[in-house]
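Chain residues, written in single-letter form:
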Amino acid sequence: MTGPLDEAAGLLRGAKRVVVLTGAGMSAESGVPTFRDAQSGWWARYDPEDLATERAFRRNPDRVFAWYVSRLHAVRRAEPHDGYHALVRLATLLEGVLTVVTQNVDGLHGRAGSRDVVELHGSLEAFRCIACRHPASADDIARLEDGATVIHPPACAKCGNFIRPGVVWFGETLPVDAMERAWRAARTADVALVVGTSSLVYPAAELPSLVAAGGGRIVEINPHETPLSCRADVYWPAAAGEALPALVAACGGSVAK
Ligand code: BV8
Ligand code: ZN
């Protein structure tokens, strides 16, 4: 009787085009709270979906901006765990190509060394003007107080409007180039490795269905079942930081950092 590790490795070994779709659970073992877990500390009183909207920002810019400053500090303190390094290694082990499509805004895939990364929901390291989109320096923003519960957003150097985080808020459309790259990778994938997402947020949650529609197979790694689990070819109830290094080892590699 083979288990999910052997089944997943069997699918990956022969794969020519792999798309990896990650969500906030991919960063849990790096100490970055998942999007839907109860938020820590002062922010526990807020539902992230009530903060991650343009409407919330316009109604209470100081509160929302402080939330993003605290998250920027948190991700800059975080380090990619072995699951991230395993994905970097997996990309070199495969004969074909591996594209990482992430819903996360923490930049950890890039910091681990993954090359082909699509950030569907933007990045905590990207700040810009809410009106003219003129970029602002994340390093300047990182000099603002960590832990403050209100921070007045800086003014745009070009037009004086508020600086906002360069993430995709609920109700906003995803960047066109990111969607094009992600949808192309999904349509042509032999295997989708779906790691650490509750598969609740659209349009990202559509990607595994695109892979299946193109004849690809789905491997899901998540300690808890999701709406995707019953449709996955392999559902592996495991944490990313354990499963991904084991998968690389089963594919003949080791997690070289
Ligand atoms: C859009 C950036 C077109 C911001 C994020 C009404 C109006 C408009 C749109 C909608 C609407 N109703 C619904 C929608 C669509 C909406 C949506 O999907 N809502 C959901 C809640 C139903 N989507 C949008 O608005 C998108 N835009 O549709 O535009 C449009 C435009 C106008 C009008 C109509 C349509 C934009 C969505 C992007 C939102 N921005 N992030 C920020 O971060 O501040 S999404 C946010 O959720 C994060 O990026 C996060 O990654 C993402 C998804 O959550 P998950 O990653 O899955 O994280 P979650 O916490 O849920 O789950 C973690 C999982 O990890 C769990 O399953 C857990 O078991 C697992 N786990 C835990 N530990 C581990 C683990 N797994 C592995 N290992 C572990 N150790
Ligand atoms: Zn401006």
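The rules behind each value
- Along each chain, residues carry numbers from 1 onward, in the same order as the chain's sequence is written.
- Following the order in which they are written, the chains are lettered starting with A and the ligands numbered starting with 1.
- Local features in a predicted model are, by the rule used here, given only for residues with pLDDT of at least 70; side-chain atom pairs are given and counted only at 80 or more, and totals for whole chains, interfaces and linings are based on all residues.
- Side-chain calculation: all heavy atoms of the structure are included, whereas hydrogens and water are not.
- For the purposes of this entry, the term helix denotes a DSSP run of H or I that reaches at least four residues, the term strand denotes a run of E that reaches at least two, and both are numbered from the N terminus.
- All radius of gyration figures rest on C-alpha atoms, and the globule criterion is 2.2 Å times the number of residues raised to 0.38.
- Three exposure classes are used, based on accessible area relative to the maximum for each residue type with a 1.4 Å probe and protein chains only: buried under 20%, partly exposed in between, and exposed over 50%.
- Only heavy atoms matter for contacts: two residues are in contact if any of them lie within 4.5 Å across the pair.
- Values of accessible area rely on a 1.4 Å probe in the Shrake-Rupley scheme; residue burial ignores everything except the protein chains shown.
- His is not counted, nor are the chain ends; Lys and Arg add positive charge and Asp and Glu add negative charge.
- Positions of charges follow a simple convention, taking NZ of Lys, CZ of Arg, CG of Asp or CD of Glu.
- Coordination partners: N, O, S within 2.8 Å of the metal, 3.2 Å for Na, K and Ca; water not considered, so apparent gaps in a site are possible.
- For this purpose, a residue is taken to be near a molecule or strand whenever a single non-hydrogen atom of the residue falls within 4 Å of it.
- Think of a polar contact as two N or O atoms within 3.5 Å of one another; within protein, one of them needs to be a possible hydrogen donor and the other a possible acceptor, and neighboring residues in sequence only count if both atoms come from side chains.
- Polarity classes work like this: nonpolar for Ala, Val, Leu, Ile, Met, Phe, Trp, Tyr, Cys and Pro, charged for Asp, Glu, Lys and Arg, and polar for all others, with Gly in that last group.
- For Phe, Tyr and Trp, rings pair up if their centres lie within 6.5 Å, where Trp contributes its six-membered ring, and each pair is then called stacked (planes under 30 degrees apart), edge-to-face (over 60) or tilted (otherwise).
- Lysine and arginine charges are scored as sitting over a ring when NZ or CZ, respectively, is within 6 Å of the ring centre and within 35 degrees of the ring normal.
- At least two DSSP bridges between two strands are required for those strands to pair.
- Working convention: axes come from line fits to C-alpha atoms, limited for helices to the stretch in contact. Angles between N-to-C directions cover 0 to 180 degrees.
- Source of the domain bounds: an automatic or database domain assignment.
- In this description, buried area is defined as the sum, over both parts, of the accessible area (probe of 1.4 Å) that is lost when the two are combined.
- The rule for a salt bridge is simple: a side-chain nitrogen of Lys or Arg has to be within 4 Å of a carboxyl oxygen of Asp or Glu.

What follows deals with the overall build of the protein. A count of helical and extended segments in the protein gives 10 helices and 9 strands. In terms of C-alpha radius of gyration, the protein reaches 19 Å, essentially the compact-globule figure of 18 Å for 257 residues. Of all 257 residues assigned to the protein, the portion counted as buried reaches 50%. Relative to all contacts within the protein whose residues are 6 or more apart in sequence, the contacts with residues 24 or more apart total 72%. Carbon and sulfur atoms make up 51% of the accessible area of the protein, which amounts to about 11,900 Å² in all. Counting 26 positive and 29 negative side-chain charges, the protein places the centres of these two groups 5 Å from one another.

Attention now moves to the coordination of the zinc ion (ligand 2). For the zinc ion (ligand 2), the full set of protein donor atoms is C129 (SG), C132 (SG), C156 (SG) and C159 (SG), at a range of 2.2 to 2.4 Å. All donors of the zinc ion (ligand 2) come from a single chain, and their spacing in sequence reads C-x2-C-x23-C-x2-C. In this pair, C129 is assigned in strand β4 (residues 122-129) and C156 in the loop between α7 (138-142) and β6 (163-167), connecting sequence segments 27 residues apart. Assessed through its relative accessible area of 0%, C129 is described here as buried.

This brings us to the site of ligand 1. Within the structure, ligand 1 sits among 35 residues, and R36, Y68, G171, S198 and Y202 are positioned closest to it. One nitrogen or oxygen atom from the side chain of Y68 is found 2.7 Å from an oxygen atom belonging to ligand 1. Within the side chain of N104, a nitrogen or oxygen atom sits 3.5 Å from an oxygen atom of ligand 1. Here ligand 1 has 1,400 Å² of accessible area as a free molecule, and 75% of this is covered by the chains. Grouping the constituent residues of the shell around ligand 1 by class yields 17 nonpolar, 13 polar and 5 charged.

Attention now goes to the packing of aromatic side chains. Under the criterion given, the structure shown has 5 aromatic pairs. When the centroid spacing of 6.2 Å and the interplanar angle of 55° are considered together, the rings of Y68 and W169 count as tilted. A residue pair is termed long-range when its members are at least 10 positions apart, and Y68 in helix α4 (residues 61-77) and W169 in the loop between β6 and α8 (176-187) qualify at 101 residues. Pair check on accessibility: Y68 and W169 agree, each one buried. One aromatic cluster is present, built from ring pairs that chain together F57, W67, Y68, F162 and W169. Between R71 and the ring centre of W67, over which it is positioned, the NZ or CZ distance is 4.4 Å. The ring of W169 has R164 lying over it, and the distance from NZ or CZ to the ring centre is 3.8 Å.

Along helix α10 (residues 240-250), the positions that sit buried rather than exposed are A240, G241, A243, L244, P245, L247 and V248. Close packing links the buried residues of α10 with α1 (4-13), α5 (82-93), β7 (191-195), β8 (217-221) and β9 (234-236). The first or second residue beyond α10 is G252, which carries a positive phi of 90°.

The strand order across the open sheet built from 3 strands is β5-β4-β6, with neighbouring strands paired in antiparallel fashion. Sheet topology places β5 (135-136) and β6 at the edges, where each strand pairs with a single neighbour. With 2 bridges connecting them, β4 and β5 associate as antiparallel partners. Following the sheet pairing, F127 is matched in β5 by A136. In the packing of α4 onto the sheet, the strands contacted are β4 and β6, and the crossing angle to β4 comes to about 140°.

What follows is about the domain arrangement of the protein. Size of an interface: often given as the accessible area lost when the parts come together. Here the protein is partitioned into domain 1 (4-32 + 80-121 + 174-250) and domain 2 (41-77 + 125-167). Distance between the C-alpha centres of domain 1 and domain 2: 28 Å. With 5 residues of domain 1 at the contact, the number on the domain 2 side is 4 residues. Both sides of the domain 1 and domain 2 interface together cover about 400 Å² of buried area, and 57% of this is carbon and sulfur. Where domain 1 touches domain 2, the interface holds 0 salt bridges. Counting across the interface, domain 1 meets domain 2 through 1 residue pair in polar contact (both at pLDDT 80 or more). Split by residue class, the side of domain 1 that touches domain 2 holds 2 nonpolar, 1 polar and 2 charged.

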